[in-house]
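# Structural overview for review
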Amino acid sequence: EPEVTQTPSHQVTQMGQEVILRCVPISNHLYFYWYRQILGQKVEFLVSFYNNEISEKSEIFDDQFSVERPDGSNFTLKIRSTKLEDSAMYFCASSEGQGDDGYTFGSGTRLTVV
Amino acid sequence: SQQGEEDPQALSIQEGENATMNCSYKTSINNLQWYRQNSGRGLVHLILIRSNEREKHSGRLRVTLDTSKKSSSLLITASRAADTASYFCATARIQGGKLIFGQGTELSVKP
């Protein structure tokens, strides 16, 4: 069964450093997303991406965040200058945008900012 | 309450029993989805129900949607220990749009 692949599974970074989280969505999917889940809290939407541009973003997704689809397969989330409160599980997801299959989520990247 | 609120927050049952989880939301939706999350793992899509559907089945899962009450329920029949996980409802206002998740119901199925 097709999967959304995320790397790395766990990243530890110093406060103020830049991190790039990587995702390979399912190849025939058209919509791509990033979500995050702070420990013990609900899953929060960050950004959606369609047709090579951001289609929607949340208040969380400020100037410190950016997304890119540098080639036909990867979808990245960059955090420019990490803060302690950025520590969370980050999930990438993709969807066809139609049909009943819902969204396929990756296994997540656990980001720890120290 | 916020969009996509589940209740109960926690549910503990014996293997073989049925588990029912409820979800309420506030705004109009295109579809509502249920996801499962095992501890520290990713989200697994279980079932999607569209705003013009009232009930849907998938194996041991049964989902209902009442758009007049802005609520949904997920029923897991004949539960197994392997069903132990957190269950989240998530709503999308447009097809392919962002999902808004609830806080989830933590289900524990005891063997």
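Okay, so let's go over this structure. (Residues numbered from 1 in each chain as written. Chains lettered and ligands numbered in written order. Predicted model: local features only at pLDDT ≥ 70, side-chain atom pairs only at ≥ 80, totals over all residues. Heavy atoms only, no water.)

### Examining the state of the cysteines
This model, assessed by the stated rule, comprises two disulfides over all chains. Disulfide pairing places A:Cys23 opposite A:Cys92 at an S-S distance of 1.9 Å. Disulfide A:Cys23 to A:Cys92: torsion about the S-S bond roughly -65°, handedness left-handed. A residue pair is termed long-range when its members are at least 10 positions apart, and A:Cys23 in strand β3 (residues 19-24) and A:Cys92 in strand β9 (residues 88-95) qualify at 69 residues. For the pair shown, A:Cys23 and A:Cys92 are each scored as buried. Here B:Cys23 pairs with B:Cys89 through a disulfide, and the sulfurs are 2.0 Å apart. The sign of the S-S torsion, about 65°, decides the handedness of the disulfide formed by B:Cys23 and B:Cys89: right-handed. Residue B:Cys23 is found in strand β3 (residues 19-24), and its partner B:Cys89 is found in strand β9 (residues 85-92); the two are separated by 66 residues along the sequence. A residue is classified by how much of its surface remains accessible, and B:Cys23, at 2% relative accessible area, is buried. (Disulfide = S-S within 2.5 Å. Helix = DSSP H or I, 4+ residues; strand = E, 2+ residues; numbered from the N terminus. Buried < 20%, exposed > 50% of the residue type's maximum accessible area, 1.4 Å probe, protein only.)

### As for the packing of aromatic side chains
On inspection of all chains with the given rule, the structure shows 15 aromatic pairs over all chains. Residues A:Phe105 and B:Phe101 carry aromatic rings whose centres are separated by 6.0 Å and whose planes lie at 80° to one another, so their mutual orientation is edge-to-face. Placement of the pair is A:Phe105 in strand β10 (residues 104-105) and B:Phe101 in strand β10 (residues 99-101), with the two residues belonging to separate chains. By the burial criterion, A:Phe105 is buried, and B:Phe101 matches it. Three or more aromatic residues link up through ring pairs in this structure, and these residues are A:Tyr33, A:Tyr35, A:Phe45, A:Phe91, A:Tyr103, A:Phe105, B:Tyr35, B:Phe88 and B:Phe101. (Phe/Tyr/Trp six-rings, centres within 6.5 Å; stacked < 30°, edge-to-face > 60°.)

Function cannot be read off these values alone, since they describe shape.
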